[in-house]
Amino acid sequence: MKKAVAIALTLIMLIGLLTGCAKETTKTDEKVILDFSMLNLSGDIEGWTAMVEAANKILEPENIEIQINKINGTGWPEYYQKVVSRMAGGNSPDIGRIAESYMPTLISDGQVVDLTDYIKNDFDMSQYYEKTFENSAYVDGKYYGVPSGLNNYLMYYNKDMFDEAGLPYPSADWNNPTSFEEIAEMAKELTKETDNGKQFGFYTGPYMAEIGMFSTSLGGNNVFDADGNPSMNDATSKQVYKWFDGMLRDDESMPRPTDTAVMSAFDMFTNGRLAMIVDGTWWLGSIGAVDGMNIGIAAVPGAEGSSAYTSQFVDSFVIYEGCEHKDEAWKAIKALVSQAGFEALAATGVGGTPIHKNVVNAVTEKLLGENVDEASKQVAKDALDHTLKVPYNEYYEEADQKVNNTMDEWLLGKITSDEYADKVQQILIDYKTQAEN
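Numbering of residues starts from 1 in every chain and runs along the sequence as written. Totals for whole chains, interfaces and linings use all residues, but because this is a predicted model, local features are given only for residues with pLDDT of at least 70 and pairs of side-chain atoms are given and counted only at 80 or more. Hydrogens and water are ignored here; the side-chain numbers use all heavy atoms of the structure.

Right, let's talk about the pairing of strand S11 (residues 310-319) for a bit. Note on strand geometry: in a regular strand, side chains alternate between the two faces of the sheet. Burial classes: relative accessible area under 20% of the type maximum marks a residue as buried, over 50% as exposed, and values in between as partly exposed (1.4 Å probe, protein chains only). Starting at the N terminus, helices and strands are each numbered in turn, a helix being any DSSP run of H or I of at least four residues and a strand any DSSP run of E of at least two. Of all the ten residues making up S11, nine are buried; the element is thus mostly covered by neighbouring parts of the structure. Should DSSP find at least two bridges between two strands, the strands are taken to pair. Of the strand pairs in this sheet, strand S6 (residues 146-158) and S11 are connected by five bridges, and their pairing is antiparallel. Looking at the pairing, Pro147 lines up with Ser316 of S11. Taken together, the three bridges between S11 and strand S12 (residues 387-389) define a ladder with parallel strand orientation. Counterpart to Thr310 in the pairing with S12 is Thr387.

Right, here's the structure in full:
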């Protein structure tokens, strides 16, 4: 009798286990729907929707589907606050795209998943421009995001002006760029009065991202030293500020705010009143559409004997903490940044430069067309091996805005470049102190 009872109990347990396995199998066969949070900006949604549709085709055999959740807002600050509110309410998105400037806060507050093991074990980095992953989503050797595309700086120049002045073109070699001194001399020779107004030789906004990349080329710091302390008034940074000062005041070869208030520097360039401009890849489509002008692309200025660096601006795809399907979310991000995903995005002209090597050629060709020669297109592609992280932290962006708001005081000659460097340094120190307290 006891033996019969034991056999019966064993059978019941086996049936229970088999039933449990059957239920588990059924669960995995159910489609996993991933909530993808996206800032609802009218000019961008078409591109990201195309990318998601391409990714969903890849994910279909896995029974995974990405669904875009459009979050209305005027910009990244409002978007970020809405995502955080959802997380606090226990209704976190699974995946999303976020501006690079917010990554330090997301990481320090534990709001995004560490993707390091996924990237190391399940990602072919050789298909991508690896330096683009070294952004603010990469901290202490750990990855917390995957680039959704990037923008960086290039130097655009008017070949006709150089030909007329009998000057050689700026260097196309990022490992042997035209030096700061040579650029200043070229700018001086290219500056003159014309029937259409003054023609200037050179322009770039002396923002912290530019000062940092130029300082790095000179062997200095990128805004902060190795310990994270502001270094905007060290000898190297002041050398960069003085370089700008020489063009602004001594040679008057660079437009001042009073000039750019009438016509933006980029408009000056496309209207034949500016010979060289260091500006972002967000202008590639506009460069490709300019008529009646021979435009070249060069490496940005650098120190003699040193490589040039270009600051990169990289937004990221992330998995938010609170996601119940992390493995599926990772597969979704892989599908988004696949060649098919980037091709779909690039066809819409959204998202900046793709980080997938196989897609860059097509995008560069599409944006620049026949208006720029093959050598210049190669310069734009080579830049992706010389990108430099903008050193975002929890206060960088806010401090940067304050720095920019005080810049005219120096550009208009009310204070010296050294005094301005000291002012920038103090602004950063004040924000650092506030963040630490």
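Read on for the rest.
All right, on to helix H19 (residues 417-436) then. Residues that lie three or four places apart on an α-helix share one face, since the helix turns once every 3.6 residues. What a helix should span is 1.5 Å times the count of its residues minus one. Here H19 contains 20 residues, and its C-alpha end-to-end distance of 29 Å stays within 8% of the 28 Å for a straight helix at 1.5 Å per residue. Among the residues of H19, Ser417, Tyr420, Ala421, Val424, Gln425, Ile427, Leu428, Tyr431 and Lys432 are the ones counted as buried. Angularly, the buried residues of H19 cover 155° about the axis, an arc narrow enough to put them on a single face. Throughout, the arc means that of the directions going from the helix axis to the C-beta atoms.

Within helix H14 (residues 339-346) the residues assigned to the buried category are Gly341, Phe342, Ala344, Leu345 and Ala346. On its buried face, H14 sits against helix H2 (45-59), S6, helix H13 (326-336) and helix H15 (357-368). Residues are treated as being in contact if the distance between any of their heavy atoms lies within 4.5 Å.

All right, on to the packing of aromatic side chains then. Note on aromatic pairs: each is described by the distance of the centres and the angle between the planes. In this analysis, rings of Phe, Tyr and Trp, with Trp reduced to its six-membered ring, are considered paired at centre separations within 6.5 Å, and the interplanar angle assigns stacked below 30 degrees, edge-to-face beyond 60, and tilted for intermediate values. Overall, the coordinates contain 29 aromatic pairs when judged by the stated rule. For the ring pair Tyr392 and Tyr396, a centre distance of 5.0 Å and an interplane angle of 75° mean the geometry is edge-to-face. Of the two residues examined, Tyr392 and Tyr396, each falls in the buried class. Here the aromatic cluster, defined as three or more aromatic residues joined through ring pairs, consists of Tyr118, Phe123, Tyr128, Phe133, Tyr138, Tyr143 and Trp330. Placement of a charge over a ring requires the Lys NZ or Arg CZ to be within 6 Å of the ring centre, with the centre-to-atom vector within 35 degrees of the ring normal. We note Lys357 situated over the ring of Tyr129; from NZ or CZ to the ring centre the distance is 5.8 Å.

Right, let's talk about the nonpolar core for a bit. Nine residue types can take part in a nonpolar core, namely buried Ala, Val, Leu, Ile, Met, Phe, Trp, Tyr and Cys, and a core is a set of them joined through side-chain atoms within 4.5 Å. Counting 75 residues, the largest nonpolar core has Phe202, Trp243, Met276, Trp410 and Leu428 as the members making the most contacts within it. Ile45, Trp48, Val113 and Ala346 belong to the second-largest nonpolar core, a separate cluster that totals 45 residues.

A word on the packing of helix H9 (residues 235-250) against H19. Convention adopted: a line fitted to C-alpha atoms gives each axis, helices being fitted over their contacting stretch, and angles between N-to-C directions are expressed from 0 to 180 degrees. Remark: H9 packs on H19, axes separated minimally by 9 Å, with the N-to-C direction vectors making an angle of 135°. Here H9 lies oblique to H19, going by the angle between them. For the pair H9 and H19, the sense of crossing is right-handed. Taken together, the residues of H19 that come into contact with H9 (itself represented by Lys238, Tyr241, Lys242 and Asp245) are Ser417, Asp418, Tyr420, Ala421, Asp422 and Val424. In terms of residue class, the contact of H9 with H19 is built from four nonpolar, one polar and five charged. Should an angle fall under 35 degrees it is taken as roughly parallel, and over 145 as roughly antiparallel, whereas 65 to 115 is taken as roughly perpendicular and any remaining angle as oblique. Helix crossings get a hand from a simple test, with the near helix turned counterclockwise from the far one by less than a right angle marking a left-handed crossing and a clockwise turn marking a right-handed one. By the convention adopted, Pro, Cys, Tyr, Trp, Phe, Met, Ile, Leu, Val and Ala count as nonpolar, Lys, Arg, Asp and Glu as charged, and the other residues, Gly among them, as polar.

Look at H2 against H14: their axes get within 7 Å of each other, and the N-to-C directions meet at 155°. By the angle between their axes, H2 is roughly antiparallel relative to H14. You can see that H2 and H14 cross each other, and the crossing is right-handed. Judged by residue contacts, Gly47, Trp48, Ala50, Met51, Ala54 and Ile58 of H2 engage Ala340, Gly341, Phe342, Ala344 and Leu345 from H14. Residue composition of the contact of H2 with H14, grouped by class: nine nonpolar, two polar and no charged.

Structurally, Gly341 can be placed in helix H14. Each C-alpha atom, one on Gly341 and one on Ser306, is 36 Å from the other, the two residues being 35 residues apart in sequence.

What follows covers the environment of Phe342. Among the secondary structure elements, Phe342 is positioned in helix H14. Taking the relative accessible area as the measure of exposure, Phe342 reaches 1% and is therefore buried. With residues up to four places along the chain from it excluded, the contact list for Phe342 reads Met51, Tyr128, Pro147, Ser148, Gly149, Leu336, Val337, Pro354, Ile355, His356 and Val359.

On to the pattern of salt bridges, then. Between Lys or Arg on one side and Asp or Glu on the other, a salt bridge is scored when a side-chain nitrogen of the former is within 4 Å of a carboxyl oxygen of the latter. Taken as a whole, this structure holds 18 salt bridges when the rule is applied. Of the charged contacts, one joins Lys198 and Glu252 as a salt bridge, the two residues approaching to 3.9 Å between their closest N and O atoms. With Lys198 in strand S8 (residues 197-203) and Glu252 in the loop between H9 and helix H10 (257-260), this pair connects stretches of sequence that are 54 residues apart. With its nearest N and O atoms 3.2 Å apart, the salt bridge here joins Lys238 to Asp422. Taken together, the residues span a long stretch of sequence, with Lys238 in helix H9 and Asp422 in helix H19 at a distance of 184 residues. Residue classification places Lys238 among the buried positions, given a relative accessible area of 19%. When salt bridges with common partners are traced through the structure, they connect Glu365, Glu374 and Lys377 into a single cluster.

It is worth spelling out the side chain of Thr178 at this point. Counting through the fold element by element, Thr178 comes out in the loop between helix H6 (159-165) and helix H7 (180-190). Within the structure, Thr178 has its side chain in polar contact with the backbone nitrogen of Ser171 (distance 2.7 Å). The residues contacting Thr178, other than those within four sequence positions of it, are Pro170, Ser171, Ile183, Met186, Pro301 and Gly302. Each polar contact in these results corresponds to two N or O atoms within 3.5 Å; when the atoms are within protein, one needs to be able to donate a hydrogen and the other to accept it, and residues that are neighboring in sequence are counted only if both atoms are side-chain atoms.

Turning our attention to the side chain of Thr281. Within the secondary structure, Thr281 sits in the loop between strand S9 (274-280) and helix H12 (284-289). Only 2.9 Å separates the side chain of Thr281 from the side chain of Asn151, close enough to count as a polar contact. Setting aside anything within four residues of it in sequence, one finds Thr281 in contact with Leu150, Asn151, Asn152, Leu154, Tyr156 and Thr353.

It is worth spelling out the pairing of S9 at this point. Within S9, seven of the seven residues are buried, which leaves it mostly tucked inside the rest of the structure. In this structure, S6 lies alongside S9, joined through five bridges in antiparallel fashion. Bridging across to S9, Leu154 finds its partner in Asp279. With three bridges joining them, S8 and S9 adopt parallel strand pairing.

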